[in-house]
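The residues making up each chain are set out below.
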Amino acid sequence: MTQPRTTADWQALGRQHLLAPFSDYKQLGAKGARIIQRADGVYLWDSEGRKILDAMAGLWCVNVGYGRRELADATHRQMLELPYYNLFFQTAHPPAIELAAAIAEIAPAGMRHVFFAGSGSEANDTVLRLVRHYWAIKDQPQKKVIIGRINGYHGSTVAGASLGGMKAMHGQGDLPIPGIEHIAQPYWYGEGGAMDPQAFGEWAAEELEKKILEVGEERVAAFIAEPIQGAGGVIIPPQSYWPRVRKILARYDILFVADEVICGFGRTGEWFGSQYYGLEPDLMPIAKGLTSGYLPMGGVIVRDHVAQTLAEGGEFYHGYTYSGHPVAAAVALENIRILREEKIVERVKAETAPYLQKRWQELADHPLVGEARGLGMLGALELVQDKKSRTRFPGGIGMRCREHCFANGLIMRAVGDTMIVSPPLVIDREEIDALIGLVRTCLDATARELAG
Ligand SMILES: *Cc1c(COP(=O)(O)O)cnc(C)c1O
């Protein structure tokens, strides 16, 4: 009989064979990975049997929570019926068609077509190919430049990382690729200085117009942005930002791409972040909450005029082997059914998000917290040494705080010294109370460590 593997066995085997995404290999080699073994609801259990409240919903994706048997059953049924077929060369299958129709029902009015991909990054590769193809069909092939934002996140493929504005990512592998420009982000707490938040929001919006004029409208294909920046640190723009951006977009003939990979499927209390902010995007990349992470899937929802233009353009030489994968599509359909029938998005808006936000604000009185902000099922805490001047701790303390979270049974993410949460949308009041209690415990532990 072989012994079941221990945590140390998994860690050693991982070290020998597994190359982990977004990990410092030296650090990981020294410490070994935390092994997550099972999950239910909003909780995870690690290989030592410790229960952990997952305040990040995996990576912002497990919207309906863990352990939903309906999603496992949908997978099983579809695997037996048709485990794989593709959408290439004039074929299709029922799950992809049904899913596209279901997405059209919940998407903003006038957005009724979907191109499927395998992930959010692939969705943004599709965005890049699609917007350039769109302008070529319209006899303006010189409209190629896409404007993104510094510290935006649009994935980790070459196009995704290039559209995104993460400095560290650009530093590896000569990114961004040509034809992509970046403007300032609307991050008032971190970059607004002495400016009033609303004035800062307008300034950041006007950076878009400046860039359009600098590049030349005749060369700009699109502007891409997350309604709320997720991976950048839950950056919620000042209220003045989106209305001003909308006014600018109305003046120029360029496409607007709202990256809904995090905001989509209920995170803000609306189905899409664009609905929360009253945006009218031409394209919306989606992923994450589309399947609640149970299977990988992404896509791009497009406005009718984009679909019409594509219809005039002959063959679009683009697609993925797994575009519209039938099993992923079946899971996405079931996930959307759960979100609708259990009125999860409505409950987020009416009950649980207001409750989370009310309790989240209580954390602002903690000595380490310079700002507590949040919206929907998103929250951020800015950790500072001095609240008044917003001065950070030398060397940073986010990673230390994150260690205390792990040690106390909470998953909270650190983006520099911004601590962020994005819990499953099904989290209830009691679990929100538990979350807030754990966050306070971890902040206290961090403060004690700093006091020495
Ligand atoms: C996560 C994310 C992506 C990339 O999605 P993957 O599925 O990891 O490729 C793209 N855009 C946004 C806004 C994201 O948060």
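Residues numbered from 1 in each chain as written. Predicted model: local features only at pLDDT ≥ 70, side-chain atom pairs only at ≥ 80, totals over all residues. Heavy atoms only, no water.

Per an unreviewed UniProt entry, the chain carries the name Putrescine aminotransferase and comes from Geopseudomonas guangdongensis. For the chain, the Sequence similarities (unreviewed entry) comment in UniProt is given as "Belongs to the class-III pyridoxal-phosphate-dependent aminotransferase family." Per UniProt, the chain carries the Cofactor (unreviewed entry) text "pyridoxal 5'-phosphate". (UniProt positions renumbered as here; feature names shortened; annotations may be inferred.)

Asks: Tell me about the overall build of the chain, and please be specific about residues and values.
Replies: In terms of helices and strands, the chain carries 17 helices and 15 strands. In summary, the chain has a C-alpha radius of gyration of 22 Å against a globular reference of 22 Å for 452 residues, a match within 12%. Along the first, second and third principal axes, the C-alpha atoms of the chain reach 65 × 65 × 45 Å. Out of the 452 residues in the chain, the part that is buried amounts to 54%. For the chain, the proportion of contacts with a sequence separation of at least 24, taken over those separated by at least 6, is 71%. With an accessible surface of roughly 20,300 Å², the chain has 53% of that area assigned to carbon and sulfur atoms. Each charge class in the chain can be summarised by its mean position, and for the 47 positive and 53 negative side chains these summaries are 3 Å apart. (Helix = DSSP H or I, 4+ residues; strand = E, 2+ residues; numbered from the N terminus. Rg over C-alpha atoms; globule rule 2.2 N^0.38 Å. Buried < 20%, exposed > 50% of the residue type's maximum accessible area, 1.4 Å probe, protein only. Contact = heavy atoms within 4.5 Å. Areas by Shrake-Rupley, 256 points an atom, 1.4 Å probe, with all protein chains shown as cover. Lys, Arg positive; Asp, Glu negative; His and termini not counted. Charge placed at Lys NZ, Arg CZ, Asp CG, Glu CD.)

Asks: Can you explain the packing of helix 5 (residues 94-106) against helix 14 (residues 326-341)? Please cite residues and give values.
Replies: For any two helices packed against each other, the geometry comes down to the angle between their axes and how far apart the axes lie. Across the interface, helix 5 lies against helix 14 with an axial gap of 8 Å and an inter-helix angle of 35 degrees. For the crossing formed where helix 5 meets helix 14, the hand is left-handed. Across the interface between the two elements, Pro95, Ala96, Glu98, Leu99, Ala102, Ile103, Glu105 and Ile106 of helix 5 pack against Pro326, Ala329, Ala330, Ala332, Leu333, Ile336 and Arg340 of helix 14. Classifying every residue of the contact of helix 5 with helix 14 by side-chain character gives 12 nonpolar, no polar and 3 charged. (Axes fitted to C-alpha atoms, helices over the stretch in contact; angles between N-to-C directions. Left-handed = near helix turned anticlockwise from the far one by under 90°. Nonpolar A, V, L, I, M, F, W, Y, C, P; charged D, E, K, R; others polar.)

Asks: How would you sum up the packing of helix 4 (residues 69-81) against helix 14? Please name residues and give values.
Replies: Across the interface, helix 4 lies against helix 14 with an axial gap of 9 Å and an inter-helix angle of 145 degrees. The two elements helix 4 and helix 14 meet at a crossing, and its hand is right-handed. Across the interface between the two elements, Glu70, Leu71, Ala74, Thr75, Gln78 and Met79 of helix 4 pack against Pro326, Val327, Ala330, Val331, Glu334, Asn335, Arg337 and Ile338 of helix 14. For the contact of helix 4 with helix 14, the residue count by class is 8 nonpolar, 3 polar and 3 charged.

Asks: Tell me about the pattern of salt bridges, and please be specific about residues and values.
Replies: A complete count under the given rule lists 23 salt bridges for this structure. With its nearest N and O atoms 3.2 Å apart, the salt bridge here joins Arg400 to Glu449. One end of the pair, Arg400, is in helix 16 (residues 398-407); the other, Glu449, is in helix 17 (residues 429-451), and 49 residues separate them in sequence. The partly exposed category is assigned to Arg400, whose relative accessible area is 33%. Glu449 sits in the partly exposed class, given a relative accessible area of 36%. It is possible to trace a salt-bridge network through shared partners that takes in Glu371, Arg373, Glu382 and Arg392. (Salt bridge = Lys/Arg side-chain N within 4 Å of Asp/Glu carboxyl O.)

Asks: Run through the domain arrangement of the chain, naming residues and quoting values.
Replies: As far as domains go, the chain holds domain 1 (34-67 + 344-451) and domain 2 (70-342). A straight line from the C-alpha centre of domain 1 to that of domain 2 covers 26 Å. Contact residues are listed per partner, giving 38 residues for domain 1 and 34 residues for domain 2. Buried surface at the junction of domain 1 and domain 2, summed over both partners, amounts to about 2,900 Å²; 59% is from carbon and sulfur atoms. For the pair domain 1 and domain 2, the number of links is 1 salt bridge. Glu270 is paired through a salt bridge with Lys349; the nearest N and O atoms lie 2.7 Å apart. (Domains from an automatic or database assignment. Buried area = accessible area lost by both parts, 1.4 Å probe.)

Asks: Outline the site of the ligand, listing residues and values.
Replies: Looking at the ligand, the residues that line it are Ser119, Gly120, Ser121, Asn124, Tyr153, His154, Gly155, Glu226, Asp259, Val261, Ile262 and Lys288. A distance of 2.9 Å is found between an oxygen atom of the ligand and a backbone nitrogen or oxygen belonging to Gly120. Note that a nitrogen atom of the ligand is positioned 3.4 Å from one of the backbone N or O atoms of Tyr153. About the coverage of the ligand: the protein hides 83% of its 380 Å² of free accessible area. When its residues are assigned to classes, the shell around the ligand shows 3 nonpolar, 6 polar and 3 charged. (Near = heavy atom within 4 Å. Polar contact = N/O pair within 3.5 Å; in protein donor to acceptor, adjacent residues only side chain to side chain.)

Asks: So what's going on with the sheet that holds strand 11 (residues 369-375)? Which residues, and what values?
Replies: Pairing is antiparallel across the open sheet formed by 4 strands, whose spatial order is 11-12-15-14. Lying at the two open borders of the sheet, with one neighbouring strand each, are strand 11 and strand 14 (413-415). When strand polarity is set aside, the average angle formed by the axes of neighbouring strands in this sheet is 20 degrees. Pairing of strand 14 with strand 15 (residues 418-421) involves 3 bridges; the strand directions are antiparallel. (Pairing = 2+ DSSP bridges.)

Asks: Tell me about helix 10 (residues 197-215), residues and numbers included.
Replies: Here helix 10 spans 28 Å end to end across 19 residues, near enough to the 27 Å set by a 1.5 Å rise per residue. If you check which residues of helix 10 are buried, you get Phe200, Gly201, Ala204, Ala205, Glu207, Leu208, Glu209, Lys211, Ile212 and Val215. The N-capping residue of helix 10, defined by a side-chain oxygen 3.1 Å from the backbone nitrogen of Gln198, is Asp196. Directly after helix 10, the chain includes Gly216, whose backbone phi takes a positive value near 100 degrees. (Expected span 1.5 Å × (residues − 1).)

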